[in-house]
Amino acid sequence: MQVLAPHIPDFVVLTPGRSGSTFLATLLDSHPGVRSAGELVGSQAISPGEPEKALEFVFDRVRNARAQSSKPLFGFKLPIYCVERDPGLARELFRLGTRCVVLYRKDKLAMYVSMRLAQINNEWSSTRRYEIQELEIDIKDMLATMRAFRRLDALMFELTAGWSRTVASYEACLGDPDVPYIQDFLGVPVVPLSTPTLRARTVPLRTAVRNFDEVVAVLKSTEFAPLLVLDAGVSA
């Protein structure tokens, strides 16, 4: 197990929103040797063209947070929108030895629905169910947003190319919540993991999306057709 200096994060979970980052972070935090914090850095801390300033802010937050934990490894969620604002921050962290877990969500339709339901319910945590579980999708907005999601994925892969990283999908994490390959990547013993998070959406996509058939018909003629999960079950 390689542990970096107290002010440098041992790892970050680089991810866009609504991709299961809280789910993964809490899984990792249940490991006896890993402290996995939430979002230590917001966009307000990032000044484009000034990665040194952002880095000092990160160092200060990491130093304080690590001091409150007895676990040897420390990491946090790094939203891609922060890195998009100034990619220099990520490059500096990776240069210093911070490992990166790149987390993305394959099912971009479910990702879009998750984002819109979170907005409708004004509920962004993963500790409560959505009161409103259904919505009508605006096709134009859906396509533009899903394409923006894909651009963020491409940016994550581009920025982390050549650095110490592992890639995980939300769907894979759901399939095996012990995420042994991520534990191996972090250099810790593989143990069973757990999470207190809940799935905010409790109904299948077919039920959650009132105009589901229209949405599917449109997506079948786009680049998203190969990733369609027509009988998608319950997911956040």
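## A short note on the packing of aromatic side chains
The description of an aromatic ring pair uses the distance of the two centres, along with the angle that the planes make with each other. Tallying each qualifying case throughout the model produces three aromatic pairs. Seen from their ring centres, Phe23 and Tyr170 are 6.0 Å apart, and the 85° between their planes marks the pair as edge-to-face. A residue pair is termed long-range when its members are at least 10 positions apart, and Phe23 in helix H1 (residues 21-29) and Tyr170 in helix H7 (residues 170-175) qualify at 147 residues. Accessibility expressed as a relative area gives 5% for Tyr170, which makes it buried. Between the aromatic rings of Tyr104 and Phe157, the centroid separation amounts to 6.0 Å while the plane-to-plane angle is 70°, which identifies the pairing as edge-to-face. Pair noted here: Tyr104 is in strand S4 (residues 99-104) and Phe157 is in helix H6 (residues 139-160), with a separation of 53 residues, a long-range link.

## Let's talk about unusual backbone geometry
You will see that Arg18, though not glycine, has its phi angle at about 60°, which is positive. As for its position among the elements, Arg18 is in the loop between strand S1 (11-15) and H1. You can call Arg18 buried: its relative accessible area is 19%. We note that Val179 has phi near 30°; this positive angle belongs to a residue other than glycine. Relative to the helices and strands, Val179 is located in the loop between H7 and helix H8 (180-186).

## Looking at the nonpolar core
Leu40, Phe76, Leu78, Ile80 and Leu93 are the most contacted members of the largest nonpolar core, which totals 30 residues. Breaking this core down by element, the ones donating at least two residues are S1, helix H2 (51-67), strand S3 (73-79), helix H3 (80-85), helix H4 (88-95), S4 and H6. Apart from residues no more than four positions distant in its own chain, Ile80 is found in contact with Leu14, Thr15, Pro16, Leu152, Leu155, Met156 and Leu159. Counting 25 residues, the second largest nonpolar core, distinct from the first, contains Val113, Ile137, Ala200 and Val215.

## Points about the pattern of salt bridges
Any two side chains of opposite charge can pair, given that their charged atoms come close. Taken as a whole and assessed by the stated rule, the structure comprises eight salt bridges. With a closest N to O distance of 2.8 Å, Glu92 and Arg95 form a salt bridge. Residue Glu92 and its partner Arg95 are located together in helix H4, separated by three residues, close to a single helical turn. The exposure class of Glu92 is partly exposed, given its relative accessible area of 25%.

## Focus on the pairing of S3
Among the seven residues of S3, seven are classified as buried, and the element is accordingly described as predominantly covered. Relative to S3, S1 runs parallel, the two sharing five bridges. Each bridged residue has a counterpart across the sheet, and for Thr15 the counterpart in S3 is Pro79. Where strand S2 (residues 34-39) and S3 come together, five bridges link them in parallel fashion. From the neighbouring strand, Val34 faces S3, where its bridge partner is Leu73.

## Quick notes on the confidence of the model for the protein
The predicted model of the protein has a mean per-residue pLDDT of 90, with 92% of residues at 70 or higher. Taken element by element, the protein is modelled with least confidence in H3, mean pLDDT 84, and with most confidence in H8, mean pLDDT 98. With pLDDT under 50 throughout, residues 230-236 is counted as low confidence; its partners more than four residues away or in other chains account for 28 contacts.

## Things to note about the side chain of Ser169
Note on placement: Ser169 falls in strand S5 (residues 165-169). Classification of Ser169 as buried rests on a relative accessible area of 5%. One polar contact links the side chain of Ser169 to the main-chain amide nitrogen of Ala172, over a distance of 3.0 Å. Discounting residues that sit within four places of it in the chain, Ser169 has contacts with Leu103, Tyr104 and Lys106.

## As for the environment of Arg105
Considering the arrangement of structural elements, one finds Arg105 in the loop between S4 and helix H5 (108-121). For the pair formed by Arg105 and Ser19, sequence separation is 86 residues and the distance between their alpha carbons is 5.1 Å. Engagement of the side chain of Arg105 in a polar contact is seen with the backbone oxygen of Arg18, the distance being 3.0 Å.

## Describing H4
Among all positions in H4, only Gly88, Leu89, Ala90, Leu93 and Phe94 are buried. Looking one or two places after H4, you find Gly97, whose phi comes out positive at around 110°.

About the cut-offs
- Residues numbered from 1 in each chain as written.
- Predicted model: local features only at pLDDT ≥ 70, side-chain atom pairs only at ≥ 80, totals over all residues.
- Heavy atoms only, no water.
- Phe/Tyr/Trp six-rings, centres within 6.5 Å; stacked < 30°, edge-to-face > 60°.
- Helix = DSSP H or I, 4+ residues; strand = E, 2+ residues; numbered from the N terminus.
- Buried < 20%, exposed > 50% of the residue type's maximum accessible area, 1.4 Å probe, protein only.
- Core = buried A, V, L, I, M, F, W, Y, C linked by side-chain atoms within 4.5 Å.
- Contact = heavy atoms within 4.5 Å.
- Salt bridge = Lys/Arg side-chain N within 4 Å of Asp/Glu carboxyl O.
- Pairing = 2+ DSSP bridges.
- pLDDT = per-residue confidence, 0-100.
- Polar contact = N/O pair within 3.5 Å; in protein donor to acceptor, adjacent residues only side chain to side chain.

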